[in-house]
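Fold and geometry: a report
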Amino acid sequence: MNLIALILMMVLAHIAFTGGRVALTLLAIDLQATPFQVGLIISLLAVIPMLFSVHAGRWTDRTGAARPTLIANLMLCAGSLAAALMPSLAMLCAASVLLGSGFMIAHLAINNAVGRASTPQNRTRAFSMLALGFSVSTVLGPVISGLLIDAVGHRMAFLLLALFPVAGLLVLHRFGRNEQPAPKAEAGRNKPRLMDLLGHAPLRAVFVASGLLSMAWDLFTFMVPIQGARIGLSASTIGLIMGTFGVGTFVVRLAIPRLMLSVSQWGVLVGALGLTSAVYLLFPLFTSVPVLLLLAFILGLGLGSALPTIMSLIHETAPAGRTGEAVGVRSTLINTSQTVLPTAFGALGAVVGTIPVFWTLAAVLACGAAFARRRRPAKSDDQ
């Protein structure tokens, strides 16, 4: 499959997922769900990916992208239709599992296919283009969902959201026949073991950097609204700050191909970790909205640069035939972070306040930048 088709399928799947996540929340509230029930429904989006991403990644290694992407789009479509046709809290839980699992499979399969279809010379550029599509769908999904709910109601909104994975199936039917065959795994073991990947030093270093940056992203989405409310900002102002972060991620992903001409991949990660650490050190010290907008934009530049770089490094350092499994490990780390860290951050913030939370992560990220800086001289040995 060509790169444009893969990006288009990712955008369509991600719109169905992000739009569905918003619609699940609002429909659950409309059904008089308690905050705990709403939280449970949304947490189910990440539970299955947290537990089975590695297994799904191995599956994409064995079969290629076409079959997993087919099943992923069918699951996304089924999740939207289930919520539309049988709106109840129990069915919303089932829809959440289908949407989360479907997008997890699509994400792993398409990322694996992009890595296979690219070369070491253009891989970072390919993942930058994929990340740009991801940024666009991150904005479009919630906006489309909100507009549909206001215009035609919750159930019809879910029905219309189901059209996006259907469109993904049409793209797959048109371009899926041109898929490259899946490479064979390295000989030496009949059954792949997760510990083999975790024991692979170059790949383990990528996982460490990815985990730290994922923590930084989760802190922003969870703690910035809390910090904004603490200093008396309105909901619209908090939303503007978070939207400015998204603008930063989009801008830097436009510049990544040119940036990689003068900066190494590990150099980008050093900069991302260091820049993020500095922003989190400064963020809780200011209440001025223009300053907070600037800091959010700078944070978007740092964290937005990391995704295409990390995906490229995973494909360059993973053992042959196990890139999907390696991407699955990264997905497990991200989903675990999204499941566990909001509770941990919230508990810590309740005890010591928000400023120590920001500063603790700033210190951890500074240590991560030092770790990534030590990795940089060994880059040539990893490839």
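Residues numbered from 1 in each chain as written. Predicted model: local features only at pLDDT ≥ 70, side-chain atom pairs only at ≥ 80, totals over all residues. Heavy atoms only, no water.

**Focus on helix α5 (residues 123–152)**
Here α5 is 30 residues long and its end C-alpha atoms lie 42 Å apart, about the 44 Å a rise of 1.5 Å per residue gives. Downstream of α5 by a residue or two, G153 has a phi angle that is positive, lying close to 95°. (Helix = DSSP H or I, 4+ residues; strand = E, 2+ residues; numbered from the N terminus. Expected span 1.5 Å × (residues − 1).)

**Quick word on the packing of aromatic side chains**
What the rule picks out here adds up to six aromatic pairs. With a centroid separation of 5.1 Å and an interplanar angle of 85°, the aromatic rings of W217 and F245 are classed as edge-to-face. Placement of W217 in helix α9 (residues 201–230) and of F245 in helix α10 (residues 235–259) is noted, with a sequence separation of 28 residues between them. Aromatic side chains F220 and F245 sit 4.3 Å apart centroid to centroid with 25° between the ring planes, which places their arrangement in the stacked category. (Phe/Tyr/Trp six-rings, centres within 6.5 Å; stacked < 30°, edge-to-face > 60°.)

**Considering the environment of V247**
Looking at where V247 falls in the secondary structure, it is placed in helix α10. By relative accessible area, which is 46% here, V247 ends up partly exposed. (Buried < 20%, exposed > 50% of the residue type's maximum accessible area, 1.4 Å probe, protein only.)

**Brief notes about the packing of helix α1 (residues 3–30) against α5**
The interhelical angle for the contact between α1 and α5, taken along N-to-C directions, is 35°, at an axis separation of 7 Å. Of the two elements, α1 crosses α5, and the hand of that crossing is right-handed. In the contact of α1 with α5, the residues fall into 17 nonpolar, eight polar and no charged. (Axes fitted to C-alpha atoms, helices over the stretch in contact; angles between N-to-C directions. Left-handed = near helix turned anticlockwise from the far one by under 90°. Nonpolar A, V, L, I, M, F, W, Y, C, P; charged D, E, K, R; others polar.)

**Some points on the packing of helix α3 (residues 66–85) against helix α4 (residues 89–117)**
As a packed pair, α3 and α4 sit with axes 8 Å apart at the nearest point and diverge in direction by 160°. Regarding the angle of α3 to α4, the classification is roughly antiparallel. Regarding α3 and α4, the two cross each other, and that crossing is left-handed. Touching P68, T69, A72, M75, L76, A78, G79, S80, A82 and A83 of α3 are M91, L92, A95, L98, L99, S101, G102, F103, I105, A106, A109 and I110, all from α4. (Parallel < 35°, antiparallel > 145°, perpendicular 65-115°, else oblique. Contact = heavy atoms within 4.5 Å.)

**Considering the UniProt feature "transmembrane region" (unreviewed entry) in the protein chain**
The residues that UniProt annotates with the feature "transmembrane region" (unreviewed entry) are residues 34–52, 64–83, 89–114, 126–149, 155–176, 237–256, 268–301 and 345–371. Across residues 89–114, the secondary structure splits into 100% helix and 0% strand, with the terminal C-alpha atoms separated by 37 Å. Annotated as 100% helix and 0% strand, the span residues 126–149 places its first and last C-alpha atoms 35 Å apart. (UniProt positions renumbered as here; feature names shortened; annotations may be inferred.)

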